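Residues per chain are reported as follows:
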Amino acid sequence: MAGKPVLHYFNGRGRMESIRWLLAAAGVEFEEKLIESPEDLDKLKNDGSLMFQQVPMVEIDGMKLVQSRAILNYIATKHNLYGKDMKERVLIDMYTEGMADLNEMIMLLPLCPADQKDAKIALIKDRTKNRYLPVFEKVLKSHGQDYLVGNKLSRADIHLTELLYYVEEVDSSLLANFPLLKALKTRISNLPSVKKFLQPGSQRKPPTDEKKLEEARKIFKF
């Protein structure tokens, strides 16, 4: 039997958090080798573990995978979370790429200069309410099913649930006009594997604060 996947990243959300979410939702136990210094990162670079000299990197099934979307695609395919055919898969891809756009805006918010932060938050709120969440609410309304695609749990539902938690961190009122999304968030959160991941003490990471940002700056030198 293959060992547990090993995740190489720093001790924060960043581009690894969606991978953590997807593995956890699939019921896969994983280990983390945390990068805590520039030297840790250099070691991975120097031993040839990082194809593009970047993390995230996940050791899984005898491979060292990089590029977060490639990693997510592999995990979703392996655990039957990627639709039953090409048409379902392209829907899942379109939905998750839209989610990734909003997720990116929220993820980069801590890097925003203080004098631009209010404007950035206003933009995120506007895009959330008027561009992104209406799409997913409409999808759920159009078919009346419990999941976004194929009436079956897919990576799209898991990524969306993760995103909805981040949206609520920005402003808890943003979901008020999206009852079907609130119901989906509750439904996915109550799946045993996800429920376990949402408990205190799990490998889920907290919001990025100033201390975490400073830690990342030292490691990645940005």
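Residues numbered from 1 in each chain as written. Predicted model: local features only at pLDDT ≥ 70, side-chain atom pairs only at ≥ 80, totals over all residues. Heavy atoms only, no water.

- The name recorded for the protein chain in an unreviewed UniProt entry is Glutathione S-transferase, from Ictidomys tridecemlineatus.
- The protein chain has a UniProt comment under Catalytic activity (unreviewed entry) that states "RX + glutathione = an S-substituted glutathione + a halide anion + H(+)".
- UniProt annotates the protein chain under Sequence similarities (unreviewed entry) with the comment "Belongs to the GST superfamily. Alpha family." (UniProt positions renumbered as here; feature names shortened; annotations may be inferred.)

**Structural notes on unusual backbone geometry**
- Cis rather than trans, the peptide bond between Val-55 and Pro-56 has omega equal to 15°.
- In the Ramachandran plot, Asp-61 falls in the positive-phi region, its phi being about 50° despite a non-glycine side chain.
- Along the chain, the position of Asp-61 falls in the loop between strand 3 (57-60) and strand 4 (63-66).
- We classify Asp-61 as partly exposed; its relative accessible area is 36%.
- Positive phi, normally seen in glycine, also occurs at Gln-67, with a value near 70°.
- Position of Gln-67 among the secondary structure elements: in the loop between strand 4 and helix 3 (68-78). (Helix = DSSP H or I, 4+ residues; strand = E, 2+ residues; numbered from the N terminus. Buried < 20%, exposed > 50% of the residue type's maximum accessible area, 1.4 Å probe, protein only.)

**Quick notes on the UniProt feature "domain: GST N-terminal" (unreviewed entry) in the protein chain**
- Here, the residues flagged by UniProt with the feature "domain: GST N-terminal" (unreviewed entry) are residues 3-83.
- End C-alpha atoms of residues 3-83 are separated by 26 Å, and the span's content is 36% helix alongside 20% strand.

**So, a negative patch on the surface**
- On the surface, a cluster of negative charge is contributed by Glu-36, Glu-39, Asp-40 and Asp-42.
- Within the secondary structure, Glu-36 is located in the loop between strand 2 (31-34) and helix 2 (38-46). (Patch = residues over 30% accessible without salt bridge, like charges linked within 9 Å, V, L, I, M, F, W, Y side chains within 5 Å. Areas by Shrake-Rupley, 256 points an atom, 1.4 Å probe, with all protein chains shown as cover. Salt bridge = Lys/Arg side-chain N within 4 Å of Asp/Glu carboxyl O. Lys, Arg positive; Asp, Glu negative; His and termini not counted. Charge placed at Lys NZ, Arg CZ, Asp CG, Glu CD.)

**Let's talk about the packing of helix 4 (residues 86-107) against helix 5 (residues 114-143)**
- Where helix 4 contacts helix 5, the axes come no closer than 11 Å and their chain directions differ by 160°. As far as their axial angle goes, helix 5 and helix 4 are roughly antiparallel. Taken as a pair, helix 4 and helix 5 cross one another with a handedness that is left-handed. On helix 5, the residues touching Tyr-95, Gly-98, Met-99, Asp-101, Leu-102, Met-105 and Ile-106 of helix 4 are Leu-123, Ile-124, Arg-127, Thr-128, Tyr-132, Phe-136 and Val-139.
- The class makeup of the residues in the contact of helix 4 with helix 5 is 10 nonpolar, 2 polar and 2 charged. (Axes fitted to C-alpha atoms, helices over the stretch in contact; angles between N-to-C directions. Parallel < 35°, antiparallel > 145°, perpendicular 65-115°, else oblique. Left-handed = near helix turned anticlockwise from the far one by under 90°. Contact = heavy atoms within 4.5 Å. Nonpolar A, V, L, I, M, F, W, Y, C, P; charged D, E, K, R; others polar.)

**Some thoughts on the UniProt feature "domain: GST C-terminal" (unreviewed entry) in the protein chain**
- Following the UniProt record, the feature "domain: GST C-terminal" (unreviewed entry) maps to residues 85-208 here.
- The distance separating the terminal C-alpha atoms of residues 85-208 is 37 Å; by composition the span is 69% helix and 0% strand.

**Quick notes on the packing of helix 6 (residues 155-170) against helix 7 (residues 179-189)**
- Orientation of helix 6 relative to helix 7, taken along the N-to-C sense of each, is 110°, at an axis distance of 9 Å. One finds that helix 6 runs roughly perpendicular with respect to helix 7. The way helix 6 lies across helix 7 gives a crossing that is left-handed. Facing helix 6, whose interface residues are Asp-157, Leu-160, Thr-161, Leu-164, Tyr-165 and Glu-168, helix 7 presents Leu-181, Leu-184, Lys-185, Ile-188 and Ser-189.
- Across the contact of helix 6 with helix 7, the residue classes break down as 6 nonpolar, 2 polar and 3 charged.

**Thoughts on the pattern of salt bridges**
- Applying the stated criterion across every chain, the model contains 15 salt bridges.
- The shortest N-O distance in the salt bridge between Glu-168 and Lys-185 comes to 2.9 Å. Of the two residues, Glu-168 is situated in helix 6 and Lys-185 in helix 7; the sequence distance between them amounts to 17 residues.
- Glu-168 sits in the partly exposed class, given a relative accessible area of 25%.
- Taking the relative accessible area as the measure of exposure, Lys-185 reaches 13% and is therefore buried.
- Through salt bridges with shared partners, a single ionic network connects Glu-17, Arg-20, Glu-32 and Lys-205.

**Thoughts on the pairing of strand 4**
- The pairing of strand 3 with strand 4 spans 4 bridges and is classified as antiparallel. Looking at strand 4, one finds that Ile-60 is bridged to Met-63.
- If you look at the hairpin formed by strand 3 and strand 4, you'll find 2 residues sitting between the two strands, and Asp-61 has a positive phi there, around 50°. (Pairing = 2+ DSSP bridges.)

**Some remarks on the layout of surface pockets**
- Of the pockets and cavities examined, the second largest pocket occupies roughly 280 Å³.
- For the second largest pocket, the lining is made up of 13 residues, of which Ala-24, Val-28, Glu-29, Lys-196 and Gln-203 are closest to its centre.
- Those elements that place two or more of their residues in the lining of the second largest pocket are helix 1 (17-25) and helix 8 (192-197).
- Looking at the lining of the second largest pocket element by element, the count peaks at 4 residues for helix 8.
- Residue composition of the lining of the second largest pocket, grouped by class: 6 nonpolar, 4 polar and 3 charged. (1 Å grid on protein atoms, 1.4 Å probe; cavity = no way out; pocket = protein on both sides within 12 Å on 5 of 7 lines; lining within 4 Å. Points joined across faces, edges and corners; volume = space filled by probe spheres on them.)

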